[in-house]
Amino acid sequence: MLSFAATILLDGISYGMVLFLISVGLTITMGLMRVVNLAHGSFAMIGGYTAGYLTQKGVNFYLAIAGAAVVAGALGGLAELTVYRPLYRKGELSQVLLTIGIVFVATAVATEMFGAFPYPMVFPDYLSLPVSIGFRTYPAYRLFLIVVGAIIAAIMWYLIDNSLYGAKLRAAVDNSKIARCVGMNVNLLFTGTFIIGCALAGIGGAVGAGILSLEPSYALKYVVLFLVVVIVGGEGSFKGSFVAAMALGIIDTLGKYFVTQAAPYLLYAAVFVLLLWRPQGLMPSKAAG
Amino acid sequence: MAAVSDDKPAAPPTTNLGTGARYGWWLGLIGHAIPWAIVVLFFYMAGGYLSLGTQVLIWILFALSLDLALGYAGIVTLGQAAFFGIGAYAAGLFAIHVSPDPILGHLAAIAVAALFGLITGAMILHTTGVTFLMLTLAIVSMLFEYANQARSLTGGDDGLQGMTVNPIFGVFEFNIFGETAYVYAAVVLFIWFLISWRIVHSPFGRSLDGIRQNTRRMRAIGTPVWWRLLAVYTLSAAMAGSAGALSAHATRFVGLSVLSLLTSGIVTVMLILGGTRRLYGAFVGAAVYYLVQDETARISPYFWELVVGLMLIATVLFLEGGLLDLGRVGQRLFWRLRRRTDGR
């Protein structure tokens, strides 16, 4: 019984880690920079396809993940410079529309390049094997997800909450005018941050491809989940989105084991009620307020 | 007369009020006549494209419903598909389980969609911005998943099949050429258009304009903001439900995709492409969208997504008033030229 509960917990946490890995970039672009970014899933998809393509060509798995980060980050930076920058001053509607436009384009391009069917990702052999974790064996891939997620969570927490870069970013988000006055290069800071956010999405899309399978509809299909993580966690709050991602992963796994029929819409119902109860999310960040 | 010229948002430069008012009236009349003349002419000239025309009419009505909520009242929602889908499923289920009469079924669908709009609107309209957006997303995702699971009721992803629809008024039968469906859709669209036109030019419509522009000030001068928003949200839901019912009756089928996020996205794309707060923006947007989709799908089945995506990006960045703004730009040039010739 206890081992069954532990299995569910591990399944939930590893799924939650994938959600967190991808959403952490969205926490930056949407939570901190205040852009309603529905295109975030597209950058995760781009990363996933890049890594999938590279691994199929025989490139080392970790190099492929790095490649995913580079490609997703570069395209993200390009998008920031060309189409996102005029958006910062516009309303939510323009942001929603433009980012939906990006989703359409990304979906079409992915279909043209890789076909309409799920695209396989080649994982190294040792990740495909089950390993013993004391009371039972467990897929190494899911343990790998938990480790990677934990490492990135720690890095992001340090970067945003404790480094000079984080302090600058929070200051620029709070009041970009004053930040400019004290001599900060806000444009560069935003472009850099956007690149980091998209690169993280690319990494998440690549390592999470075993759970969220790669297909052209990826960009639209999962973006609601990523948005839920960010909004439920509280915009701009890393702790919040971490907790929300874990909760979402565990609830969804529980649902799959026990109430298979009701799971998906119960999840959205829970989000609905939670947002009515706490419109600012679980742990609203002060910077985003 | 004044009301007609009000409908032209692009009032000519104030320096030339006399000619402006005189020509504005004629321009207004022509502006109203053209789209409806096209709707009528298409019926005679469409040939095999009549069912495509019916689809366009249905989507025009759907986009028009969104124009009321999003364009006029400024309610930024991605949940409009919820009302369309509820209207479609309500009409379909009504035809199967209650009565095959299309008018009764249509009214029932409108009532159900309006009720759903009223209830959900009352729950979420006090929130704003991203939170509101997420709540509408949650609602439409919830309905989609429910319709997917409840196979016994909705047919799941096979769609709702096996509905029979009686002739309208017992006379006009739905045939394979889709003539009845086209006229039915056109008449319903015309009725809703008159209602919308009346509403946006009423004091109520003006107050919606004000709420969109500055909610806080409207509240300060005593406008019951929440009630106004709830009223227009419910009306918009009823219209979207009506469009859904049309779609169910015209094809005798309801697919799961009516409730998908993509449906919400597409209707927003149409409205924005055509231009918001014009009412006729929905006409232009839906027609252009279908034209583009039809033309590009011949090149490659996924090419339309690329083109529509690029059009959307370009519209947001360069043409905020939508395609109808192209006309405004042209009109402005025309008036500038006239003024110059008058001066001589």
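Just checking my understanding: could you explain the interface of chain B and chain A for this structure?
In many analyses, interface size is given as the accessible surface area lost on bringing the parts together. Taken together, the contact between chain B and chain A spans 39 residues of the former and 41 residues of the latter. Between chain B and chain A, a total of about 3700 Å² is buried, with carbon and sulfur atoms accounting for 82% of that surface. In terms of surface lost to chain A, no three residues of chain B exceed Val130, Met134 and Gln149 of chain B, which account for 15% of the buried area on that side. Put simply, chain B and chain A have zero salt bridges between them. In this assembly, chain B and chain A are joined by two residue pairs in polar contact (both at pLDDT 80 or more). Breaking the side of chain B that touches chain A down by element, the ones donating at least two residues are helix H5 (102–124), helix H6 (129–149), helix H12 (261–274) and helix H14 (303–318) of chain B. Here the side of chain B that touches chain A gets 14 residues from one element, more than from any other, and that element is H6 of chain B.

Help me understand the environment of Gly79 of chain B, please; the structure alone is not making it clear to me.
For Gly79 of chain B, the position within the fold is in the loop between helix H3 (50–72) and helix H4 (80–97). Among all residues touching Gly79 of chain B, those that are not within four sequence positions of it are Thr136, Val140 and Ser264 of chain B.

Whenever I open this one, the packing of aromatic side chains confuses me. Can you help?
Aromatic ring pairs: the centre-centre distance and the angle between the two ring planes describe each pair. All names here are of chain A. A full pass over the atoms with the stated rule returns 33 aromatic pairs over all chains. Taking the centre distance of 5.0 Å and the plane angle of 85 degrees together, the rings of Phe20 and Phe242 count as edge-to-face. Of this pair, Phe20 sits in helix H1 (residues 2–32) while Phe242 sits in helix H12 (residues 238–258), and the two are 222 residues apart along the sequence. Cluster of aromatic residues (ring-pair linked, three or more members): Phe61, Tyr62, Phe123, Tyr141 and Phe144. Residue placement shows Arg278 over the ring face of Trp277; its charged tip is 5.7 Å from the ring centre.

Any chance you could explain H4 of chain B here in plain terms?
Every α-helix carries 3.6 residues per turn, so stepping three or four residues along brings you back to the same face. Across its 18 residues, H4 of chain B extends 26 Å between first and last C-alpha, which sits within 8% of the 26 Å expected from 1.5 Å per residue. Burial of H4 of chain B is extensive: 16 of the 18 residues sit out of reach of the surface.

How do you make sense of unusual backbone geometry when you look at a structure like this?
Keep in mind that most residues, glycine aside, have a negative phi and that most peptide bonds are trans. Although it is not a glycine, Arg252 of chain B sits at a positive phi angle of roughly 55 degrees. You can see Arg252 of chain B is positioned in the loop between helix H11 (225–251) and H12.

Help me out: how do you make sense of the nonpolar core in this one?
Across soluble globular proteins, nonpolar side chains show a tendency to be buried alongside one another. In terms of nonpolar packing, the biggest core is built from 205 residues, with Tyr84, Tyr218 and Phe226 of chain A together with Ile75 of chain B touching the most fellow members. Setting aside anything within four residues of it in sequence, one finds Tyr218 of chain A in contact with Ile22, Gly41, Ala44, Met45, Gly205, Leu212, Ser213, Val223 and Phe226 of chain A. In terms of nonpolar packing, the next biggest core, distinct from the first, is built from five residues, Met17, Tyr138, Ile146 and Met246 of chain A among them.

Calculation notes
Residues numbered from 1 in each chain as written. Chains lettered and ligands numbered in written order. Predicted model: local features only at pLDDT ≥ 70, side-chain atom pairs only at ≥ 80, totals over all residues. Heavy atoms only, no water. Contact = heavy atoms within 4.5 Å. Buried area = accessible area lost by both parts, 1.4 Å probe. Salt bridge = Lys/Arg side-chain N within 4 Å of Asp/Glu carboxyl O. Polar contact = N/O pair within 3.5 Å; in protein donor to acceptor, adjacent residues only side chain to side chain. Helix = DSSP H or I, 4+ residues; strand = E, 2+ residues; numbered from the N terminus. Phe/Tyr/Trp six-rings, centres within 6.5 Å; stacked < 30°, edge-to-face > 60°. Lys NZ or Arg CZ within 6 Å of the ring centre and 35° of its normal. Expected span 1.5 Å × (residues − 1). Buried < 20%, exposed > 50% of the residue type's maximum accessible area, 1.4 Å probe, protein only. Core = buried A, V, L, I, M, F, W, Y, C linked by side-chain atoms within 4.5 Å.

By themselves, these are just geometric observations and shouldn't be taken as functional.
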